[in-house]
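For reference, the chains in residue letters:
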Amino acid sequence: DSKVEAPQACGVSATDLHPCFSCTGAHRYARIHLPVAPDCNIQCKYCVRKFDCPNESRPGVTSQVLTPEEALQRFLDAKKRLSNLTVVGIAGPGDALADFDKTRETLRLIREHDPNVIFCISTNGLALPQYADELVALGVSHVTITINAVDVEIASQIYSHVTMMGMRYSGMAGAAMLVSNQLLGLKLLASRGVTCKVNCVVLQGINDHHIETVVEKVKSLGAAITNIMQLIPVKGSAFEHLEMVSAKTINEIRKRCERILPQMYHCKQCRADAVGLLGEDQSLILYGKKEPVQE
Ligand code: SF4
Ligand code: SF4
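Residues numbered from 1 in each chain as written. Chains lettered and ligands numbered in written order. Predicted model: local features only at pLDDT ≥ 70, side-chain atom pairs only at ≥ 80, totals over all residues. Heavy atoms only, no water.

1. As for the pairing of strand β5 (residues 140-146)
Okay, step 1: Counting buried residues along β5, six of its seven residues qualify, which places the element largely inside the surrounding structure.
Okay, step 2: For strand β4 (residues 118-123) and β5, the ladder comprises five bridges, and the chain directions are parallel. Looking at the pairing, I121 lines up with V143 of β5.
Okay, step 3: Taken together, β4, helix α4 (residues 128-138) and β5 form a β-α-β motif whose crossover is right-handed. (Buried < 20%, exposed > 50% of the residue type's maximum accessible area, 1.4 Å probe, protein only. Helix = DSSP H or I, 4+ residues; strand = E, 2+ residues; numbered from the N terminus. Pairing = 2+ DSSP bridges. Right-handed = clockwise from strand over helix to strand, strands pointing away.)

Encoded structure:
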């Protein structure tokens, strides 16, 4: 591996060095997900909380949760071994903003040791309006927000409840709060120069006819790319028996949406503790796990 220079030094943008936001970067640059965020502030009907957040990660396994100090150590170890490591991501196993203290402290500690590594987080967006400015101040340049609907009635079929300031809101009230915070959060970040990707999980009979509307809306608010994803049904979730939209249909939707915004075709729905090149998890080497993670 050749040493990766800081974006400023080699004249390429941070997005070129991010394997998830750039197709060409995907084959060269590695990311590390640090699993410091176990909590979640909403309940998606396709999620069972004993697994990694399926908005960003494939369900089926739970990442061991790290403290910010342990996460720093894991990053430093990985950096020693992977000279092509360009991105630190916080993608759960819950929501990166549900307990922001842990995410903030992790990023702060890492920035003390590395002024250049790209910071990326993924979130359901509920707490984005509250933390957008802090994320920018911490140097977070890339954010993934999962927005499955921009219509409140459709959203109310996807989420059981949201929790804000210790209060739980369900039905249309919860969905309205979530959708408006997601859209406001996206706008705040994009207007401050953060590169935003929007993930959208396609749910048969619920939002499958609504995806282009989501893509149009998020484009108008500054999203750079969308990642239209297949639902992976999770046993025990409310959508356990929801029929999966076929890969062919997903690709047809992506093709239609490509006329609106660039599409991500190479997402591997990685674990919340994935490390290495996309699709080549190196956690066996780095963390001494017995079984390599299948990506
Ligand atoms: Fe599960 Fe992620 Fe939804 Fe939270 S945001 S309920 S962790 S899928
Ligand atoms: Fe990138 Fe998708 Fe993996 Fe996230 S889940 S790190 S977007 S490839």
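2. Topic: the pairing of strand β6 (residues 159-164)
Okay, step 1: Bridge analysis of strand β2 (residues 42-44) against β6 gives three bridges, and the strand direction is antiparallel. Its bridge partner lying in β6, I42 is registered against V162.
Okay, step 2: As judged from the four bridges shared by β6 and strand β7 (residues 167-170), these two strands associate in the antiparallel manner. Within β7, the residue paired with T163 across the bridge is R168.
Okay, step 3: Counted along the chain from β6 to the antiparallel partner β7, the turn is two residues long, and its residue M165 has a positive phi close to 50°.

3. A look at the site of ligand 1
Okay, step 1: As a matter of local geometry, ligand 1 sits amid C40, I42, Q43, C44, Y46, C47, R49, C53, P54, N55 and N124.
Okay, step 2: Within the shell around ligand 1, the residues separate by chemical class into seven nonpolar, three polar and one charged. (Near = heavy atom within 4 Å. Nonpolar A, V, L, I, M, F, W, Y, C, P; charged D, E, K, R; others polar.)

4. Some thoughts on the nonpolar core
Okay, step 1: With 76 residues, the main nonpolar core has Y46 and I121 as its most contacted residues.
Okay, step 2: Considering every element that reaches this core, the biggest residue donor is helix α6 (residues 171-191), with six residues.
Okay, step 3: Contact partners of I121, with chain neighbours within four places excluded, come to I90, A96, L97, T103, L107, L135, V140, H142, V143 and T144.
Okay, step 4: Counting twelve residues, the second largest nonpolar core, distinct from the first, contains Y29, V87, I118 and I225. (Core = buried A, V, L, I, M, F, W, Y, C linked by side-chain atoms within 4.5 Å. Contact = heavy atoms within 4.5 Å.)

5. Focus on the sheet that holds β6
Okay, step 1: If you trace the three strands from one edge of the open sheet to the other, you get β2-β6-β7, paired in antiparallel fashion. Here the strands that pair on one side only, and so sit at the sheet edges, are β2 and β7. Along the sheet, successive strands turn relative to each other by an average axial angle of 20°, direction set aside.
Okay, step 2: Lying on the sheet, α6 is in contact with β2, β6 and β7; it crosses β6 at an angle near 65°. (Axes fitted to C-alpha atoms, helices over the stretch in contact; angles between N-to-C directions.)

6. Comments concerning the environment of N207
Okay, step 1: Locating N207 in the fold gives a position in the loop between β8 (195-202) and α7 (211-220).
Okay, step 2: Between the alpha carbons of N207 and D151 there is a distance of 9.4 Å; along the sequence they are 56 residues apart.
Okay, step 3: Residues within four places of N207 in sequence aside, it is in contact with N148, I154, I158, V201 and V202.

7. Some details on the pattern of salt bridges
Should their charged atoms come close, side chains of opposite charge can pair.
Okay, step 1: Per the stated rule, a full pass over the model turns up ten salt bridges.
Okay, step 2: The partner of E105 in a salt bridge is R108, with the nearest N and O atoms 3.0 Å apart. Here R108 and E105 lie together in helix α3 (residues 100-113), a separation of three residues that amounts to about one turn.
Okay, step 3: Overall, the relative accessible area of 23% leaves E105 in the partly exposed class.
Okay, step 4: Taking relative accessible area as the criterion, R108 reaches 36% and is therefore assigned partly exposed.
Okay, step 5: The shortest N-O distance in the salt bridge between R108 and E112 comes to 2.7 Å. Linking R108 with E112, this pair stays in helix α3, spanning four residues, or about one helical turn.
Okay, step 6: One continuous salt-bridge network, built from bridges that share partners, spans D101, R104 and E134. (Salt bridge = Lys/Arg side-chain N within 4 Å of Asp/Glu carboxyl O.)

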